[in-house]
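Here is how the chains run, residue by residue.
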Amino acid sequence: MLIKQISVFVENRPGSLAEVTQMLADNGIDIHAFCVADTTNFGILRMMVSDPDKTFAVLREAQFTVSMTKIVAVRLQDRAGGLHDVLVALREDGLSVEYAYSFISRSSGFAAVLLCLDDNEKGARLLKDRGFPVLNAEEMLEI
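Only a predicted model underlies this, so the values are computations on that prediction, with no experimental measurement involved. (Residues numbered from 1 in each chain as written. Predicted model: local features only at pLDDT ≥ 70, side-chain atom pairs only at ≥ 80, totals over all residues. Heavy atoms only, no water.)

*Asks:* I'd love a proper account of the packing of helix α3 (residues 82-92) against helix α4 (residues 120-129), names of residues and values included.
*Replies:* Two elements in contact, α3 and α4, have axes separated by 10 Å at closest approach and are oriented at 120°. Looking at the two axes, α3 sits oblique to α4. Crossing angle aside, the handedness with which α3 passes α4 is right-handed. Between α3 and α4, the residues in contact are V86, A89 and L90 and G123, L126 and L127, respectively. (Axes fitted to C-alpha atoms, helices over the stretch in contact; angles between N-to-C directions. Helix = DSSP H or I, 4+ residues; strand = E, 2+ residues; numbered from the N terminus. Parallel < 35°, antiparallel > 145°, perpendicular 65-115°, else oblique. Left-handed = near helix turned anticlockwise from the far one by under 90°. Contact = heavy atoms within 4.5 Å.)

*Asks:* Account for the pairing of strand β2 (residues 31-38), with residues named and values stated.
*Replies:* A regular strand places its side chains so that they alternate between the two faces of the sheet. As paired elements, β2 and strand β3 (residues 42-49) share 7 bridges and run antiparallel to each other. For A33, the partnering residue across the bridge sits in β3 and is M48. Taken together, β2 and the strand that follows it, β3, pair antiparallel across an intervening segment of 3 residues. (Pairing = 2+ DSSP bridges.)

*Asks:* Quick rundown of the confidence of the model for the protein? Include the residues and the values.
*Replies:* A low pLDDT means the predicted coordinates there should not be read in detail. Per-residue pLDDT for the protein averages 90, and the proportion of residues at 70 or more is 95%. Mean pLDDT across the elements of the protein bottoms out in helix α5 (residues 137-142) (75) and peaks in helix α2 (residues 52-61) (96). (pLDDT = per-residue confidence, 0-100.)

*Asks:* Which residues make up a nonpolar patch on the surface, and what values go with them?
*Replies:* On the surface, L17, F34 and V36 cluster together into a nonpolar patch covering about 270 Å² of accessible area. Mapping F34 onto the fold places it in strand β2. (Patch = residues over 30% accessible without salt bridge, like charges linked within 9 Å, V, L, I, M, F, W, Y side chains within 5 Å. Areas by Shrake-Rupley, 256 points an atom, 1.4 Å probe, with all protein chains shown as cover. Salt bridge = Lys/Arg side-chain N within 4 Å of Asp/Glu carboxyl O.)

*Asks:* Before we move on, can you summarise the packing of aromatic side chains with the specific residues and values?
*Replies:* Under the criterion given, the structure shown has 1 aromatic pair. Note on F9 and F42: the rings are 5.6 Å apart at their centroids and 55° apart in plane angle, and the pair reads as tilted. Of the two residues, F9 sits in strand β1 (residues 3-11) while F42 sits in strand β3, which places them 33 residues apart along the sequence. Above the face of the Y99 ring, R46 is positioned so that its terminal group lies 3.7 Å from the ring centre. (Phe/Tyr/Trp six-rings, centres within 6.5 Å; stacked < 30°, edge-to-face > 60°. Lys NZ or Arg CZ within 6 Å of the ring centre and 35° of its normal.)

*Asks:* Could you give an account of a negative patch on the surface, naming the residues involved and the relevant values?
*Replies:* A cluster of acidic side chains, namely E98, D118, D119 and E121, defines a negative patch on the protein surface. For D118, a relative accessible area of 44% gives the class partly exposed. (Lys, Arg positive; Asp, Glu negative; His and termini not counted. Charge placed at Lys NZ, Arg CZ, Asp CG, Glu CD. Buried < 20%, exposed > 50% of the residue type's maximum accessible area, 1.4 Å probe, protein only.)

*Asks:* So what about the pattern of salt bridges? Which residues, and what values?
*Replies:* Enumeration over the complete set of coordinates arrives at 5 salt bridges. A salt bridge links E11 to R13, with the shortest nitrogen-to-oxygen separation between them at 3.6 Å. Residue classification places R13 among the partly exposed positions, given a relative accessible area of 33%. The structure contains a network of salt bridges with shared partners spanning E11, R13 and E19.

As structure tokens, this is what we get:
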């Protein structure tokens, strides 16, 4: 029910993100969703990719500081209020969102939000029980 996310520490300098994306491209790895959070000296690139295990190995081999964590993916209808409904459900059960990012597929009419919660397992169960489509990795790639 949870999906694998890759997080990579990258230097905050010109070209550092391009180094990562070049390695992924060279290895046939597709980035489906990503976000970057930065500070003065470095950034954290978080990604949902076509092959997380291969991505982890490729980046580790290239001496990047990389980690793999599991997060919650929820399919939403691409409409006003879709994300709000999910966040209210989480709030009502006392769960906090540590970070989130999303993407929209105009062709399917759906959006997906990727959530890191203070308790991902509990959050995934809660959302599923309340009728929100919690996606596995294969379903995520189909959006």
